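# Report on the structure
Residues per chain, in single letters:
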Amino acid sequence: MILVSALTIAVLFGVGSYLLLQRDLIRVVVGIILVSNAANLFLISAGLSRGQAPIYPLEEGVEVSDPLVQAMTLTAIVIAFGISALLMSLVYRVYTSHLSLNLEDISEAEVREEESIESREVAED
Amino acid sequence: MRPRLAAPVGAVFAALAFAATLWGWLLAGGGTVDLPWAPSWDLRFTLALDGLAALYSLLATGIGFAVTVYASRYLPLHLEHQGRSEADIPRFHFFILMFMGSMVGLVMAQDLILIFVFWDLTAIASYYLIGYDAHERDSRRSALMALLVTGITAVCLLIGALMLYAAYGTFSLPALIEASEPGALLAAAGALIAVAGLAKSAQVPFQFWLPRAMAAPTPVSAYLHSAAMVAAGVFLLGRFYPLIQKTDWLLDALLVVGLGSMAVGGILALTRNVLKQLLAYSTISQYGYVVFMFGLGGEYGAVGASFYVIAHALAKAALFLTAGAVTEATHGETRLSHLGGLRRELPFLMVASGFSAAGLAALPLTIGFFKDELFFEAALERGGVFPALAVAGAVLTFAYTWRFWSGIFLGERRSEAHGVPAAMTVPVAALGALVIAGGLYVAPFARLAQAAGEVTFNAPTPIDPAYHLDARAENLMALATYALGVLVILSRSFWIGAAEAFARLGELAGPERLYFASLKGLNAFSDRIHDLEVRDLRTRVATILGPTGVLVGAGLLFTPTRGAYEVGAIGPLDWPLFLALILVAVAAIATVFPRRHLTLALVLSSVGYILAVVFAFFGGPDVAMVQVLVETIMALLFIGILVLLPRKVLEREASNPIPRRRKVRDAGVALIAGFFAFAVSWSTLSQPALEESVAQEHIRLAPEAHAKDVVTAILADFRGLDTLGEITVVGIALLGIATLLSRGRLW
């Protein structure tokens, strides 16, 4: 079971980083969501015990699932959701100012802008 | 609120502070405040109004008062010339008061860390004041230079303080003075602290920042030079003198630095054409005297240094204010070569500043006479070549002071001039009157200097300056100074070429070159790193993931592997979980392939939903439910954003072919990342479970928290602060999203 969990986490993380490296900003966001999914899965499978849900009344003699990692995973899920939503709106904002979703276009525009600032500074000197 | 109101408010506060200090010193006889500040770190908030503190805080508040009165008229005119609005006035007064407050705090602090904090506060205030004309490049650069030179050397002070703490276990200065023993550690700590003090008082080789700081408005320069900042440097030497004087070579080093500053400052002051530049170099040389006296050692040195600071502060503040008034009167003329003959237009200013100039030149009947008397006495006490060097320094002072004053008021008229407002001459006259008063009745000033000298010397110093009408050595040295000074003034054409060559040599090979070279080098280095890191988002990700991967890899390599990895058993009930995990992996891999964004969003949602199933099989119904909820909203959000984006743009991205080489490279990176994630999570998950865990305690206590669900009890009760943090994050994210979607205008 440990091996399978670890492999699944690895696949989520690996695919996430593959998408992170793409030029399409929406795929970058998807990559981040996958990486945070990997983190959530890692958290929950790091629980010290696995068994029935930690909700009273508890059945005697049966192991109870670790409630602490569940609480932490819950927090992590919500935060990851907030971050992803923020990222999505950032992507939208980037689109409205650059009219493109492609990283290469955007970094070219950035370089152009920086060069124009530098040349202005040189002119000031 | 009218901006001009800032001036009276500032002046009133400065006057009140001055009155309070005077009252505290004369009537209350000093006092101490001692509060625990951070007891676990042995830090105490200790302030004491001793002689040294009284001297410097009277200067800081008194001259601060004169400067704010002067600025009440000067600043509106200054802003008007530059076409700026009066809204900038309060900023000036705010930082002057902050400067004053941190100065007063610095001189009263008795705890090393407290001293460091106030020390840096003065640097911050001076940064904003020197860079007050922020639209001018020169002004910004000068402010940065002052901040860097004094700020970097301030770290030396901190290191020195920590060394002392490590050795003696206390930050309290009085306790350290008692406990410390001469030795290599005390010498090193003392040297570091002295470096901080010397850099702040612009001594050789740190002198270059001070003339640059003349970019500030004149009241700032006057204040900076006489009562704050530069004075703080010699104050620090005086405060730590009981520690410094335990090391002989440190005193010798102070002698050398002081002499160097006297020479460099004096000679360059004779060559400068711009009024404020002349005064700046004069300040360097004058504080050189003070450092020199500290280096001479002995009680004359300690009292003499304190007295010198008073006399110099009064005279120098007045001369700076004179320079500002003259520039104002002549429509912005700052060059000595274009000034002259203003005796008819500014007769009152001429007399008022004449008193101060006489004080700086150490003529009899001024307070300045006694500063030189003590200076000569200290040199005589030491003997050797030092009396001759002292006379040489005093001759330079005499010559450049004459050059300043006569260059403005005597000789031919070279520029148009008009009168200046009374608020700009009265402070000069008041300071001039004090210079004369000190010459006629020196006792109060001498008493103050004595009290300060006692603190510096850490022993009683029964020294009284007075006039002696006989042929004693000090008087002969003073006479020699006047005679040689006149000679230097008259023979200007003989030595001016050599002096200017010396100035040029300093420009070519001085420490300022080193400053600019290191600034340039550091800038280039940081640009290099910057370019490497932030070329685009991908390089940024790479600069985080790459080093992290190396670190993780090294960690894996050097960790013992025996028994660290376990395959783990699969019980009969585990098969559903097993299948769900496989499905998550398959769905995740599937996100790589879709080209259209909508399909991508749907595949991503399927990963999330199956993950919810996994969570449920892990025994966490709460987590599963939240995951379903979040996943649903996420899918809606995704589709919402896709609707907002034009179809054309999305299609362009979807049909944009990825070159094969890049695909292979990205896949390689992803494989490595996945491998590391696998190794880390496998080894972590293989750790055997502990017998006892916090979770068991949580399960046991949940009913007492009136909760049936242990997870909710943890979230809302046991670890409620975590949840508060989580809510804050979501709130901030929400604010961010709302701002972004409404194009930066939330309200």
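The rules behind these values
- Residues numbered from 1 in each chain as written.
- Chains lettered and ligands numbered in written order.
- Predicted model: local features only at pLDDT ≥ 70, side-chain atom pairs only at ≥ 80, totals over all residues.
- Heavy atoms only, no water.
- Helix = DSSP H or I, 4+ residues; strand = E, 2+ residues; numbered from the N terminus.
- Rg over C-alpha atoms; globule rule 2.2 N^0.38 Å.
- Buried < 20%, exposed > 50% of the residue type's maximum accessible area, 1.4 Å probe, protein only.
- Contact = heavy atoms within 4.5 Å.
- Areas by Shrake-Rupley, 256 points an atom, 1.4 Å probe, with all protein chains shown as cover.
- UniProt positions renumbered as here; feature names shortened; annotations may be inferred.
- Patch = residues over 30% accessible without salt bridge, like charges linked within 9 Å, V, L, I, M, F, W, Y side chains within 5 Å.
- Salt bridge = Lys/Arg side-chain N within 4 Å of Asp/Glu carboxyl O.
- Lys, Arg positive; Asp, Glu negative; His and termini not counted.
- Charge placed at Lys NZ, Arg CZ, Asp CG, Glu CD.
- Pairing = 2+ DSSP bridges.
- pLDDT = per-residue confidence, 0-100.
- Domains from an automatic or database assignment.
- Buried area = accessible area lost by both parts, 1.4 Å probe.
- Polar contact = N/O pair within 3.5 Å; in protein donor to acceptor, adjacent residues only side chain to side chain.
- 1 Å grid on protein atoms, 1.4 Å probe; cavity = no way out; pocket = protein on both sides within 12 Å on 5 of 7 lines; lining within 4 Å.
- Points joined across faces, edges and corners; volume = space filled by probe spheres on them.
- Nonpolar A, V, L, I, M, F, W, Y, C, P; charged D, E, K, R; others polar.
- Phe/Tyr/Trp six-rings, centres within 6.5 Å; stacked < 30°, edge-to-face > 60°.
- Axes fitted to C-alpha atoms, helices over the stretch in contact; angles between N-to-C directions.
- Parallel < 35°, antiparallel > 145°, perpendicular 65-115°, else oblique.
- Core = buried A, V, L, I, M, F, W, Y, C linked by side-chain atoms within 4.5 Å.

## Things to note about the overall build of chain A
In terms of helices and strands, chain A carries 4 helices and 0 strands. For chain A, whose C-alpha radius of gyration is 22 Å, the value lies well above the compact-globule estimate of 14 Å for 125 residues. With the C-alpha coordinates of chain A rotated into their principal frame, the extents come out at 80 × 30 × 25 Å. Of all 125 residues assigned to chain A, the portion counted as buried reaches 55%. Summarising the internal contacts of chain A: among those between residues at least 6 apart in sequence, 46% fall at separations of at least 24. Accessible surface, chain A: about 5,100 Å² in total, of which carbon and sulfur atoms supply 61%.

## Some thoughts on the UniProt feature "transmembrane region" (unreviewed entry) in chain A
The positions that UniProt labels "transmembrane region" (unreviewed entry) are, in the present scheme, residues 6-21, 28-48 and 68-92 of chain A. As a span, residues 68-92 of chain A carries 100% helix and 0% strand, and end to end its C-alpha atoms are 36 Å apart.

## A closer look at a negative patch on the surface
A cluster of acidic side chains, namely E110(A), E113(A), E114(A), E115(A), E118(A), E121(A) and D527(B), defines a negative patch on the protein surface. Following the sequence through the fold, D527(B) ends up in helix α22 (residues 511-533).

## Details of the pairing of strand β1 (residues 32-38) of chain B
Residues and elements named next belong to chain B. Looking at chain direction, β1 and strand β2 (residues 43-48) are connected through 6 bridges and run antiparallel. Paired with P36 across the bridge in β2 is R44. Between β1 and β2, which pair antiparallel one after the other, the connecting turn spans 4 residues, and D42 there sits at a positive phi close to 60°.

## Thoughts on the confidence of the model for chain B
Residue and element names in this part refer to chain B. Averaged over chain B, the pLDDT score is 86; the fraction of residues at 70 or greater is 98%. Of all the helices and strands in chain B, helix α23 (residues 537-558) carries the lowest mean pLDDT, 79, while helix α25 (residues 597-617) carries the highest, 93. As scored by the predictor, the complex reaches a pTM of 0.71 and an ipTM of 0.92.

## Describing the domain arrangement of chain B
We note that the domain assignment places domain 1 (274-490) and domain 2 (690-747) within chain B. Distance between the C-alpha centres of domain 1 of chain B and domain 2 of chain B: 68 Å.

## Observations regarding the interface of chain B and chain A
Where interface size is given, it is often the accessible area lost as the parts come together that is meant. Every contact between the two is made by 100 residues of chain B and, on the other side, 85 residues of chain A. For the pair chain B and chain A, the two sides together bury roughly 8,500 Å², of which 75% comes from carbon and sulfur. Sorting the residues of chain B by area buried against chain A places F618(B), L685(B) and L740(B) first, and these three jointly supply 8% of that buried surface. There are 2 salt bridges connecting chain B and chain A. Between the two partners, chain B and chain A, sit 12 residue pairs in polar contact (both at pLDDT 80 or more).

## Focus: helix α10 (residues 230-239) of chain B
Burial analysis of α10(B) places 10 of its 10 residues in the buried class, the great majority of the element. Among the residues of α10(B), those classed as buried are V230(B), A231(B), A232(B), G233(B), V234(B), F235(B), L236(B), L237(B), G238(B) and R239(B).

## Concerning empty space enclosed by the protein
In the structure shown here, the tally under the stated rule is 3 cavities of 30 Å³ or more. Partitioning the lining of the largest cavity into residue classes produces 6 nonpolar, 5 polar and 1 charged.

## A closer look at the environment of P659(B)
Residues and elements named next belong to chain B. You can see P659 is positioned in the loop between α27 (647-655) and α28 (660-685). For P659, a relative accessible area of 42% translates into the label partly exposed. Residues P659 and R4 lie 655 residues apart in sequence; the distance between their C-alpha atoms is 66 Å.

## As for the packing of aromatic side chains
Residues and elements named next belong to chain B. In total, this model carries 24 aromatic pairs over all chains according to the counting rule given. When the centroid spacing of 4.9 Å and the interplanar angle of 75° are considered together, the rings of F94 and F95 count as edge-to-face. Consider the rings of F292 and F386, whose centres lie 6.0 Å apart with planes at 55°: the pair is tilted. Placement of the pair is F292 in helix α13 (residues 275-296) and F386 in helix α17 (residues 386-409), with a sequence separation of 94 residues.

## Description of the packing of helix α9 (residues 218-226) of chain B against α13(B)
Residue and element names in this part refer to chain B. In contact at an axis separation of 11 Å, α9 and α13 are set at 10° when each is read in the N-to-C sense. Between α9 and α13, the angle is such that the two are roughly parallel. Seen from α9, the contacting residues are T218, S221, H225 and S226; seen from α13, they are K276, A280, T283 and Y287. Among the residues forming the contact of α9 with α13, the class breakdown is 2 nonpolar, 5 polar and 1 charged.

## With respect to the nonpolar core
Grouped together as the largest cluster of nonpolar side chains are 185 residues, with contacts concentrated most on Y56(B), L157(B), W209(B), Y223(B), F240(B) and F375(B). In this structure Y56(B) touches V107(B), A231(B), V234(B), F235(B) and V309(B), once residues within four positions along its chain are discounted. Counting residues in hydrophobic clusters, the runner-up holds 71 residues, among them L41(A), L68(A), F615(B) and V710(B).

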